[in-house]
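# Remarks on the overall topology
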Number of protein chains: 2
Amino acid sequence: MGGEISNMSVKELIKDMAKKAKDASRKIATLTTDIKNHVLLDTAELLIQKKDEIQKENQKDLEVAKEKGLSKAFIDRLTLSDKIINSMVEGLKDVASLPDPIGEIPKMWIRPNGLQVGRVRIPLGVIAMIYESRPNVTIDAAALCLKAGNAVILRGGSDAINSNMVLASIIQEVLKKHDVPVEAIQVVPTTDRDAVLHLLKCEEEIDLIIPRGGEGLIRFVVENSSVPVLKHYKGVCHVFVDKFADIDMAVDICFNSKVQRPGVCNAMEGMLVHKDIAQEFLPKMAQKFKEVGVEIRGCTKTCEIIPDAVPAKEEDWGYEFLDLILAVRVVDGFDDALNYIAKYGSNHTEAIVTKDYARSRRFLKEVDASLVLVNASTRFNDGGQLGLGAEIGISTSKLHAYGPMGLEELTTKKFIALGDGQIRS
Amino acid sequence: MGGEISNMSVKELIKDMAKKAKDASRKIATLTTDIKNHVLLDTAELLIQKKDEIQKENQKDLEVAKEKGLSKAFIDRLTLSDKIINSMVEGLKDVASLPDPIGEIPKMWIRPNGLQVGRVRIPLGVIAMIYESRPNVTIDAAALCLKAGNAVILRGGSDAINSNMVLASIIQEVLKKHDVPVEAIQVVPTTDRDAVLHLLKCEEEIDLIIPRGGEGLIRFVVENSSVPVLKHYKGVCHVFVDKFADIDMAVDICFNSKVQRPGVCNAMEGMLVHKDIAQEFLPKMAQKFKEVGVEIRGCTKTCEIIPDAVPAKEEDWGYEFLDLILAVRVVDGFDDALNYIAKYGSNHTEAIVTKDYARSRRFLKEVDASLVLVNASTRFNDGGQLGLGAEIGISTSKLHAYGPMGLEELTTKKFIALGDGQIRS
């Protein structure tokens, strides 16, 4: 563990893992829902039983991290506290309780020649997940991939290698007990950086790569992968306070969008205010933001109305602050708001506050983002909040999945055709 | 035309086209179905009116191709005969008659807090299509992309540059007439090979690349693209004649699968025969194949039963012949057939001929291919035949689309949420 692999180059190791995952995936694809749920629930139980062992391994990672002088925030994310272990246990139970998407055939149709045709939901096959420090992702991602019938290769942050390895050994113990190939869920057992690059080239074996982490990691994956990637660069979310907004509602929604959890991707980073309502709305809003210490970086008009706003620089527009900082722009009209969002948005989450029917329809239709809201907080862009049950990430690119990715996004559909001897003429 | 671009590097040219396409895509996404259909039908009419002009430009390409000594088959594919022009016209009318996928919301649901959530079908945005010699693809692809609300950049084969440019000018004339941005449909006006590479790097502007052509082209695209790719490498399709097959039906299905059009991706390339039926089935089948000159490359057992079969070499298994040549293997059982398909298949089309209920179910469930058939010809793997109306290609990778890609596969879904002031607690 922790970096050294004997007798095998990293390239060979990764290729071997990928091939084993592909072989295993044929079996995983046909597991019954019962077996998959038993694996999930037994893993939950074993996590509780082996809590001390998990925390002992986690401690090794934490000590190294402290020696390296890594930040407190980083160490927090790395820590497998009782609370985090409990949340992993609850997560496993939640995934077990979700309906199994595999095998669903929404409709079948009959062709003029009598051939009966339909599309059936199947697993993707092999998914590789590349993520940074949080070791709880190991369990969350493994659970979702398994429930959707996929084999998964997990490549966590090098700082969490001991934590990830012990979690993998626990899942594999359960897999073995249920006679499921242990290669269904594998953790890359080396911290060698080349491992990621080799994973990205296993096009024959891996069907999907999901990177989760900073923009640098994601760009590296996109630029080097021959395997399809589902990615999420950043969340630069806006609320547009229309001239027909209910002012109290707009204040509540903007406050919630910015302040409820400022460090996450669905927090508001930019607020657009229609000029006809700015004079009335902005002072109330600014007062509320001031109470909790939100720094406002405003356009010229904003700064005229809110005296203690900081003049915004060009780079503040479209910036993901992930902090109690907000860019505020007064716009001349509806089209200006749409153009601003098209230019500075990140296709993540965009909201309008309005009482006007036609404007709500236009916003919903014309704004290109994974979630477009009317009169609600941007913070709802989350698989759980939208009713998907769980999520493995949020996609801001449009192929295959756009928005929160739940179980269904970890599957695909194949065609089936039932005939009685049909041939083509 | 035909290679030189003044005052602008190829890189700048492509980036400029991509940016213009992205700008145009916002407008295209919101066009009504009526406008899109008018553009398609008027283009059909103008193709007929300008037939002479099209064929004059096509003639330039044909002369160059003949000078180069290109094959008759190549020149056939390059020729815009009256028949091909008529098929483009009919294709445009067909696409106009298809239902518009944009705006569809299959269901909405209400969250416990009253938030109404749904997913609405939207265009992907900008699609780039990279294809080889057939200039009719220019019209077919443009029609499908436009109907699905996308802007499209078309990069045809360099041998068809004059043909493609005149087709583009005709569509753009119609777009202009209907006040639709002409950048909705652009043909790359240079044969410079670097143009493809630059397209593959326009990740900010292009949402999807679809390559159509030989395996070399597709591998190049996959290895170099930062933009998501929908690809189809090859079709190595099999028919498994089970021991419970109806022999006459099996003969008809295998004959149709191999012979009806041997040069295409959904033709059968390998035939698997259960050992218990081989003695009875193979001589009948061989007789029928012999009449039309199909060369059989068989395993040892096959060669024992069919005296004039050629012994197969290892490279014949899983090979895409695209010709009247067939690899035939006698298998010991059902699992051997599944294992063979998993090893040598290309995830394209797999069929079983059987009268057994349980075996039909197992085959449908366990075989991983974009189309799995029971008792029908592999030749049905085609968007038109399966009832999709039209297709832009067949995907053998699983993300986003698996199998024939119709209009729906040129779209994605975004989430929408309609609230009354909901915030997250």
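The preceding data block contains the structure.
Residues numbered from 1 in each chain as written. Chains lettered and ligands numbered in written order. Predicted model: local features only at pLDDT ≥ 70, side-chain atom pairs only at ≥ 80, totals over all residues.

What follows concerns the interface of chain A and chain B. Tallying the contact residues gives 56 residues for chain A and 56 residues for chain B. Every element with two or more residues in the side of chain A that touches chain B is listed here: helix 9 (215-224), helix 10 (247-259), helix 14 (357-366), strand 13 (371-376), helix 15 (383-386) and strand 16 (411-422) of chain A. Of the residues forming the side of chain A that touches chain B, the biggest block, eleven residues, is contributed by strand 16 of chain A. Along the lines of polarity and charge, the residues of the side of chain A that touches chain B split into 26 nonpolar, 17 polar and 13 charged. Sheet topology note: the strand 16 of chain A/strand 13 (residues 371-376) of chain B ladder contains five bridges and is parallel. Following the sheet pairing, L418 of chain A is matched in strand 13 of chain B by V374 of chain B. (Contact = placed C-beta atoms within 7 Å. Helix = DSSP H or I, 4+ residues; strand = E, 2+ residues; numbered from the N terminus. Nonpolar A, V, L, I, M, F, W, Y, C, P; charged D, E, K, R; others polar. Pairing = 2+ DSSP bridges.)

With that settled, consider the relation of the copies chain A and chain B. Aligned on chain B, chain A shows an RMSD of 0.0 Å; the corresponding rotation is 180 degrees and the shift along the axis is 0.0 Å. Between the two chains, the operation in question is that of a two-fold axis. For chain A, the minimum C-alpha distance to the rotation axis belongs to H400 of chain A and amounts to 1.9 Å. A share of 100% of the interface residues of chain A reappears at the interface of chain B, consistent with the copies meeting face to face through the same patch. (Least-squares fit on C-alpha atoms with pLDDT ≥ 70 in both.)

All names here are of chain B. Viewed as axis vectors pointing N to C, helix 2 (residues 33-49) and helix 7 (residues 161-177) meet at an angle of 135 degrees, and their least axial separation amounts to 9 Å. Accordingly, the angle class assigned to the pair helix 2 and helix 7 is oblique. Judged by the twist between their axes, the crossing of helix 2 over helix 7 is right-handed. On helix 7, the residues that touch V39, D42, T43, L46 and L47 of helix 2 are I170, I171, E173, V174, L175 and K177. Class assignment of the residues belonging to the contact of helix 2 with helix 7 gives a composition of seven nonpolar, one polar and three charged. (Axes fitted to C-alpha atoms, helices over the stretch in contact; angles between N-to-C directions. Parallel < 35°, antiparallel > 145°, perpendicular 65-115°, else oblique. Left-handed = near helix turned anticlockwise from the far one by under 90°.)

The next point concerns the pairing of strand 13 of chain A. Residues and elements named next belong to chain A. Summarising burial for strand 13: six of the six residues are buried, a large majority. Sheet topology places strand 12 (residues 349-353) next to strand 13; four bridges connect them, and they run parallel. Within the sheet, the bridge partner assigned to I352 lies in strand 13 and is V374. At this point the chain moves from strand 12, through helix 14, to the parallel strand 13, and the crossover so formed is right-handed. (Buried ≥ 20, exposed ≤ 12 C-beta atoms within 10 Å, placed from the backbone. Right-handed = clockwise from strand over helix to strand, strands pointing away.)

It is worth spelling out the pairing of strand 3 (residues 126-131) of chain B at this point. Regular strands have side chains that alternate between both faces of the sheet. Residues and elements named next belong to chain B. The buried fraction of strand 3 amounts to six of the six residues, a majority that puts the element mostly inside the structure. Residues V126, A128 and I130 of strand 3 are buried on one face, and the alternating residues I127, M129 and Y131, pointing to the opposite face, are buried as well. Both strand 3 and strand 4 (residues 151-155) contribute to a ladder of five bridges, which runs parallel. Within strand 4, the position partnered with I130 by the bridge is R155. As for the winding sense of the linkage, the β-α-β connection from strand 3 through helix 6 (residues 136-147) to strand 4 is right-handed.

This brings us to the environment of E280 of chain A. Inspection of the secondary structure assignment puts E280 of chain A in helix 11 (residues 275-291). Considered as a pair, E280 of chain A and I247 of chain A are 33 residues apart in the sequence and their alpha carbons are 8.2 Å apart.

The subject of this paragraph is the sheet that holds strand 6 (residues 208-212) of chain A. Pairing between the strands of a sheet comes from backbone hydrogen bonds, and it takes one of two forms, parallel or antiparallel. Residues and elements named next belong to chain A. What the four strands build is an open sheet, ordered 5-4-3-6; its pairing is parallel. Across the chains shown, the open sheet's two edge strands, defined by having one partner strand only, are strand 5 (185-187) and strand 6. Neighbouring strand axes in the sheet, compared pairwise and without regard to direction, differ in orientation by 15 degrees on average. Against the sheet, helix 6 (residues 136-147) touches strand 3 (126-131), strand 4 (151-155), strand 5 and strand 6, its axis set at about 165 degrees to strand 4.

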